[in-house]
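Reading the structure
Take a look at the letters that make up each chain.
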Amino acid sequence: MLIHKSDNVTVDLSNGHKYARRDIASGEKIIKYGNPIGYATRDIKEGEHVHSHNLKTLLSDNLEYAYLPEFYDIPKDSGEYYFEGYVRDNGDVAIRNEIWIINTVGCVNKVAEKLSHITGAFCFPHPFGCSQLGDDRELSCKVLSGLVRHPNAAGVLVLGLGCENNNIEYFKQFIGEYDPARVKFLNTQDVEDEIGEGVRLINELKEYANRFKREKIPVSKLKIGLKCGGSDGYSGITANPLVGRVSDKLISCGGSCVLTEVPEMFGAEHLLMKRCENREVFDKTVSLINDFKDYYKRHGQVIYENPSPGNKAGGITTLEEKSLGCIQKGGFSKVVDVLDYGDVLTKNGLSLLNGPGNDIVAITNLVAAGVHIVLFTTGRGTPLGAPVPTVKISTNSALAEKKKNWIDFDAGPILSGETLTEELFEYVLSVASGEETKNERSGFREISIFKDGVTL
């Protein structure tokens, strides 16, 4: 049990909620993480519970921003770190040597699933690719082509129907150049026995994949996606800062990390903007934030209708509070690039990626961008997994104990003074070298694609 004591009150903090350390006057800003998370809607007494009944957001519409860079001195790690991975023929690095089935259209989901059951290849059902037009179709193609190109897939079967808008010939322009030994195509309308033909092609891909063996690779080649879901009041205190320290350590060794969930930057975006390495990256970050706010307004939605019911039950009250905790996953490194949907990570360092906070869309965006592993912090718990290893990091030990089949790493001991940075970093290297995460052992691998257009 966590106890906060002052001259006048003793408060149990074990539920992750907030309690006033002193009297707070109505209208006064309430500070957490060194920044305002809202204002008091009435007088609050020392020791009183601070939540939705007496705390309201300060956030409103689009803002004007100034580029005022402020960089942190992050010492370069002097250690030499490696993992056992695979080097592809084109020089890409992978941490898994799998066969993936990528659908061009949802109509062949069940065919893909049957092929997966027969051959052991991994498939990722989705409902897209048929009656989509314009930007929606293009976005589906970009994201799915990112999965086709992902190096963790030693071989890929692109599975189509034949009459869809995203047909294989159209889709090929998004894939670009490919090795025909690594990528095979099958239109199910074109053959009498799609299962038999699919099995034949997958067996050819397996033979190709068997050429690759694990070898020693420097950690500078590792790419990590940063994600949180089902956050609680401890997320910004334990798991997210821990992931931030691991992110900084990896980047100091020459590696790459990607932070997404744009709506969960609202209220903390000014801190990321200070860390943009140059004016160009700053301008792209401003557009990233304001364009997503404009998306909300186009649909007549409240920009700051966040956090979720689960977040609130876990102690998070306002979007500022959620965002200030969320961005801690990005540590203190410089922001070197801003990626749009379907863009592929190219720069070492910390990049920002366009996309919503929705868990399944966000992890798909990260994989399409090329990350090898997703570090996924959670205070409420979730079984969701990406096509790549998805390390679930609990913000509290109670969750880790309750959901042992979901949680890979417990950040709860940080509340007792432990740091756990080296422990999590070493675990990440072990996963990169082949240790399976809970989502892999359970077979939990899912995708979804952001949609904002017309369906015929």
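For the structure given in this document, a descriptive report is provided here. (Residues numbered from 1 in each chain as written. Predicted model: local features only at pLDDT ≥ 70, side-chain atom pairs only at ≥ 80, totals over all residues. Heavy atoms only, no water.)

**Some points on the overall build of the protein**
From N to C terminus, the protein includes 13 helices and 21 strands. Over its C-alpha atoms the protein spans a radius of gyration of 23 Å, differing by no more than 12% from the 23 Å that the globule rule assigns to 456 residues. Taken along the three principal axes of its C-alpha coordinates, the protein extends 80 × 50 × 45 Å. Split into buried and exposed, the 456 residues of the protein put 56% on the buried side. Put simply, 71% of the contacts in the protein that link residues at least 6 apart link residues at least 24 apart. Summed over its atoms, the accessible surface of the protein is roughly 18900 Å², and 49% of this surface lies on carbon and sulfur atoms. (Helix = DSSP H or I, 4+ residues; strand = E, 2+ residues; numbered from the N terminus. Rg over C-alpha atoms; globule rule 2.2 N^0.38 Å. Buried < 20%, exposed > 50% of the residue type's maximum accessible area, 1.4 Å probe, protein only. Contact = heavy atoms within 4.5 Å. Areas by Shrake-Rupley, 256 points an atom, 1.4 Å probe, with all protein chains shown as cover.)

**As for the sheet that holds strand S4 (residues 29–32)**
As summarised here, the arrangement of the 3 strands in space is S4-S5-S7, forming an open sheet in which the pairing is antiparallel. Among the strands making up the open sheet, the edge pair consists of S4 and strand S7 (55–56). Here 4 bridges tie S4 to strand S5 (residues 35–40), and the two strands are oriented antiparallel to one another. Across the sheet, residue Ile-30 finds its bridge partner in S5, namely Gly-38. Its contacts with the sheet put helix H9 (residues 319–326) on S4 and S5, and the angle it makes with S5 is roughly 165°. (Pairing = 2+ DSSP bridges. Axes fitted to C-alpha atoms, helices over the stretch in contact; angles between N-to-C directions.)

**Things to note about the pattern of salt bridges**
Taken as a whole, this structure holds 27 salt bridges when the rule is applied. For Lys-32, the salt bridge goes to Glu-321, with nearest N and O atoms at 2.8 Å. One end of the pair, Lys-32, is in strand S4; the other, Glu-321, is in helix H9, with 289 residues separating them in the sequence. Here the residues in one salt-bridge network are Arg-96, Glu-98, Glu-440 and Arg-445, joined through shared partners. (Salt bridge = Lys/Arg side-chain N within 4 Å of Asp/Glu carboxyl O.)

**Quick word on the packing of aromatic side chains**
Counting across every chain of the model gives 15 aromatic pairs. With a centroid separation of 5.5 Å and 55° between ring planes, the pair formed by Tyr-170 and Phe-174 is classed as tilted. Taken together, the positions of Tyr-170 and Phe-174, both in helix H3 (residues 168–175) and 4 residues apart, correspond to about one turn of that helix. Look at Tyr-170 and you get partly exposed, because its relative accessible area is 22%. Note on Phe-266 and Tyr-296: the rings are 6.2 Å apart at their centroids and 65° apart in plane angle, and the pair reads as edge-to-face. Of the two residues, Phe-266 is situated in the loop between strand S16 (256–259) and helix H6 (269–274) and Tyr-296 in helix H7 (residues 279–298); the sequence distance between them amounts to 30 residues. Taken together through their ring pairs, the aromatic side chains of Phe-266, Phe-292, Tyr-295, Tyr-296, Tyr-341 and Phe-450 make up a single cluster. The side chain of Lys-392 reaches across the aromatic face of Phe-376, ending 5.3 Å from its centre. Taking the ring centre of Phe-122 as reference, the NZ or CZ of Arg-445 above it sits at 3.7 Å. (Phe/Tyr/Trp six-rings, centres within 6.5 Å; stacked < 30°, edge-to-face > 60°. Lys NZ or Arg CZ within 6 Å of the ring centre and 35° of its normal.)

**Here we look at the environment of Arg-22**
Here Arg-22 shows up in the loop between strand S3 (18–19) and S4. Judged by relative accessible area, which is 46%, Arg-22 ranks as partly exposed. A C-alpha to C-alpha distance of 56 Å links Arg-22 and Ile-102, two positions 80 residues apart in sequence. Excluding residues within four positions of it along the chain, Arg-22 makes contact with Glu-28, Ile-44, Lys-45 and Glu-46.

**Description of the environment of Ser-287**
Mapped onto the elements of the fold, Ser-287 is located in helix H7. Residue classification places Ser-287 among the partly exposed residues on the basis of a relative accessible area of 36%. Between the C-alpha atoms of Ser-287 and Val-338, which are 51 residues apart in sequence, the distance is 9.8 Å.

**Describing the nonpolar core**
Counting residues in each nonpolar core, the largest one holds 104 residues, and the members touching the most others are Leu-222, Ile-224, Ile-373, Leu-375, Ile-393 and Leu-424. Once residues lying within four places of it in the same chain are set aside, the contact partners of Ile-393 are Ala-239, Val-243, Leu-375, Phe-376, Thr-377, Thr-378, Phe-409, Ala-411 and Leu-424. Ranked by size, the runner-up nonpolar core spans 20 residues in total, among them Cys-123, Leu-157, Ile-202 and Ala-209. (Core = buried A, V, L, I, M, F, W, Y, C linked by side-chain atoms within 4.5 Å.)

**Observations concerning the side chain of Thr-382**
Residue placement: Thr-382 occurs in the loop between strand S19 (373–378) and strand S20 (390–394). Since its relative accessible area comes to 13%, Thr-382 is described here as buried. A polar contact of 3.3 Å, which involves the side chain of Thr-382, links it to the backbone nitrogen of Leu-384. The contacts of Thr-382, once residues within four sequence positions are left out, are Phe-376, Lys-392 and Trp-406. (Polar contact = N/O pair within 3.5 Å; in protein donor to acceptor, adjacent residues only side chain to side chain.)

**Let's talk about helix H5 (residues 239–252)**
Helix length check: H5 (14 residues) gives 20 Å between terminal C-alpha atoms against 20 Å at 1.5 Å per residue, within 8%. Phi turns positive, to about 95°, at Gly-254, one or two residues after H5. (Expected span 1.5 Å × (residues − 1).)

**Remarks on the sheet that holds strand S15 (residues 223–228)**
In spatial order, the strands read S17-S18-S16-S15-S19-S20-S21; together these 7 strands make up an open sheet with parallel pairing. The open sheet has two edge strands, strand S17 (335–339) and strand S21 (409–410), and neither has a second partner. Bridge count between S15 and S16: 4 bridges; the pairing is parallel. Its bridge partner being in S16, Lys-223 is matched across the sheet by Ser-256. Of the strands in this sheet, S17 and strand S18 (349–353) are in contact with H7, which crosses S17 at around 45°.

**Topic: the side chain of Lys-184**
Tracing the chain through its elements places Lys-184 in strand S13 (residues 183–187). Once residues within four sequence positions are removed from consideration, Lys-184 is found in contact with Val-156, Leu-157, Val-158, Leu-201, Glu-204 and Leu-205.

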